[in-house]
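One letter stands for each residue in the lines below.
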Amino acid sequence: MRGHPNSIYARDVEYVLHPVTNARKHEEIGPIVIDRGEGIYVYDDLGNRYIEALAGLWSVAVGFGEKRLVEAASRQMSKLPYYHTFSHKTNEPSVELAERLVKMTPARLRRAFFTNSGSEANDSVIKMVWYYNNARGLRQKKKFISRTNAYHGITIASGSLTGLPANQRDFDLPFVPVRHVTCPHYYRFAEPGETEEAFADRLAAELEATILEEGPDTVAAFIGEPLMGAGGVLPPPATYWEKIQAVCRRHDVLIVADEVINGFGRLGTMFACDYYGIDSDIMVLSKQITSSYQPLAAVMISHELYEGIADNSGKIGTFGHGFTASGHPVPAAVALENLDIIEEKNLVENARRVGEVMQDELRKLADHPLVGEVRGVGLIAGVELVADKATKAKFNPVGKVGAQVFSRAHEHGLIIRAIGDTIAFCPPLIITEDQVRDMVERFRVTLDETAAMVR
Ligand code: PLP
């Protein structure tokens, strides 16, 4: 079937440009066709079953094949399949979702603005912050500070905040004014003998020096994923967030928590801001908000931001920003049902409890000859593979061994993500202890086979 010119493989290669894919390699090896899903598993068109250890793209919290979400979408589509929220129009699901999000997020956050994707949400953040600072008469205060290895999306603005070369190279990014400070990864960037606290002190000092160098009257906001995801699953060192927040507050720099991966239970708390004690001015939510059954993101903003934006819209006549699908009733209805499931099935508590098992099981691999570091919180983890455990030397080229592990894992019915040579785990929040053990065992076998090839 693969060779047939009318096969889905041939037609995919003929007609599709795939995101985040080496197009020439794709022409050679063709696609893997995912056909259906059930719980933590997906099946390809040949009937092979895989544990989806990344929950799609860090996002299918309630698992695949959840009929309640299908029915919620169907009910809403029958009643009102679409309406917009421009010019004073509204619809019930989007209001109910905004109210629910305001009530469940930290108290400072008081309004929700909806977009289709995390990237558009972060673009909206930049525009809202600029609009707000213009309204405050702070017309110079426009720069953002982000971190190396950060991932905040791929549009021109959000892709500027992202700190990963692969998303910027040959796209002429960054385009908006942004500085990237050091990624808070203790294993890679702490100095020999430095404690986590001392490392956090150094990073906070670097942030403050950067703000002072740029001029505090030009720096608008600091954006960070509480626990960095797509850059390699990087939990910050102890005391990092309290120190970063203190620096931002001293210089009237807004704090943006990008919870697109972390939000809705991933770390075993509803939000990572709860876990790390972050009191942000803006919070960005997506992915697990609908378990990605529908595209949706939300920008949560503080009362102060809302007031500034509202005043300015009154003054100049409009808040001239919004998408055709901002407040779309169908994703909103799916999000409401999805949040009901997360609550009814105690999935946040499951992430905490089963997450401990996952972290313990993965840490048992720390002695493996390929493993440099095992890290993570709750149901998100990264296993960094190294050429030399003692020196932490990376493989040459970086990513080659990660790619081998990724392909070999498929043969063991396991879909993971390779970020360079870091293997990421972020399974659906419904995963059980037995399934976690099965997942880690498949990974262990994969690692053993890879080690035999590499050495
Ligand atoms: N922010 C974070 C932290 C993300 O992980 C992602 C996507 O992975 C985004 C933003 C961008 O979201 P989207 O792919 O929906 O544009």
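Residues numbered from 1 in each chain as written. Predicted model: local features only at pLDDT ≥ 70, side-chain atom pairs only at ≥ 80, totals over all residues.

Under an unreviewed UniProt entry, the name given to the protein chain is Aminotransferase, and the organism recorded is Microvirga aerophila. Comment text from UniProt for the protein chain, heading Cofactor (unreviewed entry), reads "pyridoxal 5'-phosphate". In UniProt, the protein chain has this text filed under Sequence similarities (unreviewed entry): "Belongs to the class-III pyridoxal-phosphate-dependent aminotransferase family." (UniProt positions renumbered as here; feature names shortened; annotations may be inferred.)

## Focus on the overall build of the protein chain
Within the protein chain one finds 17 helices and 15 strands. Against the compact-globule benchmark of 23 Å for 455 residues, the protein chain has a radius of gyration of 22 Å, which places it among compact chains. Referenced to the eigenvectors of the C-alpha coordinate spread, the extents of the protein chain come out at roughly 65 × 60 × 45 Å. (Helix = DSSP H or I, 4+ residues; strand = E, 2+ residues; numbered from the N terminus. Rg over C-alpha atoms; globule rule 2.2 N^0.38 Å.)

## Topic: the environment of P295
Relative to the helices and strands, P295 is located in the loop between β9 (282-285) and β10 (297-302). Taking the C-alpha atoms as reference, P295 lies 27 Å from T148; in sequence the two are 147 residues apart. If near-sequence neighbours (up to four positions away) are discounted, P295 is found in contact with N116, S117 and P331. (Contact = placed C-beta atoms within 7 Å.)

## Focus on the site of the ligand
The local shell around the ligand holds 15 residues, among which S117, G118, S119, G153 and V260 are the closest. Considering every element that reaches the shell around the ligand, the biggest residue donor is helix α6 (residues 118-135), with three residues. In the shell around the ligand, the residues fall into five nonpolar, eight polar and two charged. (Near = placed C-beta within 6 Å. Nonpolar A, V, L, I, M, F, W, Y, C, P; charged D, E, K, R; others polar.)

## Quick word on the sheet that holds strand β2 (residues 41-44)
The four strands lie next to each other as β1-β2-β3-β13, forming an open sheet whose pairing is mixed. Looking at strand neighbours, the two that pair on one side only are β1 (34-38) and β13 (414-415), the edges of this open sheet. Sheet topology note: the β2/strand β3 (residues 49-52) ladder contains three bridges and is antiparallel. What sits directly across from Y41, in β3, is I51. (Pairing = 2+ DSSP bridges.)

## Some thoughts on unusual backbone geometry
Between L173 and the following residue, P174, the backbone shows a cis peptide bond with an omega angle of 0°. On the secondary structure map, P174 appears in the loop between α8 (165-168) and β6 (178-181). Put simply, N396 and P397 share a cis peptide bond, and its omega is -5°. Tracing the backbone through its elements, the reader meets P397 in the loop between β12 (380-385) and α16 (400-411). With a phi close to 65°, D170 is a non-glycine residue in the positive phi region. Within the secondary structure, D170 sits in the loop between α8 and β6. Judged by the 6 C-beta atoms lying within 10 Å of it, D170 is exposed. (Buried ≥ 20, exposed ≤ 12 C-beta atoms within 10 Å, placed from the backbone.)

## Here we look at helix α14 (residues 329-344)
Counted at 1.5 Å a residue, the expected span for α14 with its 16 residues is 22 Å, and the 22 Å between its end C-alpha atoms agrees. Taken together, the buried positions of α14 are P329, V330, P331, A332, A333, V334, A335, E337, N338, L339 and I342. Packing partners of the buried residues in α14 comprise α4 (67-79), α5 (92-104) and α15 (347-363). Backbone geometry just downstream of α14 places N346 in the positive-phi region, at approximately 50°. (Expected span 1.5 Å × (residues − 1).)

## Some points on the nonpolar core
Of all hydrophobic cores here, the largest spans 127 residues; its most connected members are V256, I282, V284, A298, V299 and M300. Filtering out sequence-adjacent residues up to four positions away, A298 remains in contact with L101, A112, F113, F114, A121, L285 and I289. (Core = buried A, V, L, I, M, F, W, Y, C linked by C-beta atoms within 7 Å.)

## Description of the pairing of β9
Here β9 shows a buried face lined by I282 and V284 and a second buried face lined by M283 and L285. The pairing of strand β8 (residues 254-258) with β9 spans three bridges and is classified as parallel. Looking at β9, one finds that A257 is bridged to M283. Pairing of β9 with β10, which is carried by four bridges, proceeds in the antiparallel orientation.

## Details of helix α11 (residues 240-250)
Of the positions making up α11, those classed as buried are Y240, W241, K243, I244, V247 and C248. Across the axial projection of α11, the buried residues extend over an arc of 165°, all falling on one side. In α11, the exposed positions angled more than 90 degrees off the buried face are occupied by A246, R249 and R250. Check the buried side of α11 and you find it contacts α10 (196-214), β7 (219-224), β8 and α12 (272-276). Among the residues trailing α11, D252 stands out with phi positive, at a value near 55°. (Arc of directions from axis to C-beta.)

## Let's talk about the sheet that holds β10
As a general point, the strands of a sheet are linked pairwise by backbone hydrogen bonds and lie either parallel or antiparallel. Strand order in the open sheet formed by seven strands is β4-β10-β9-β8-β7-β5-β6, and the pairing between neighbours is mixed. Two strands lie at the open edges of the sheet, namely β4 (109-115) and β6, each paired on one side alone. If you compare each strand with its neighbour and ignore which way they point, the axes differ by 20° on average. Examined bridge by bridge, β7 and β8 share four bridges and lie parallel to one another. (Axes fitted to C-alpha atoms, helices over the stretch in contact; angles between N-to-C directions.)

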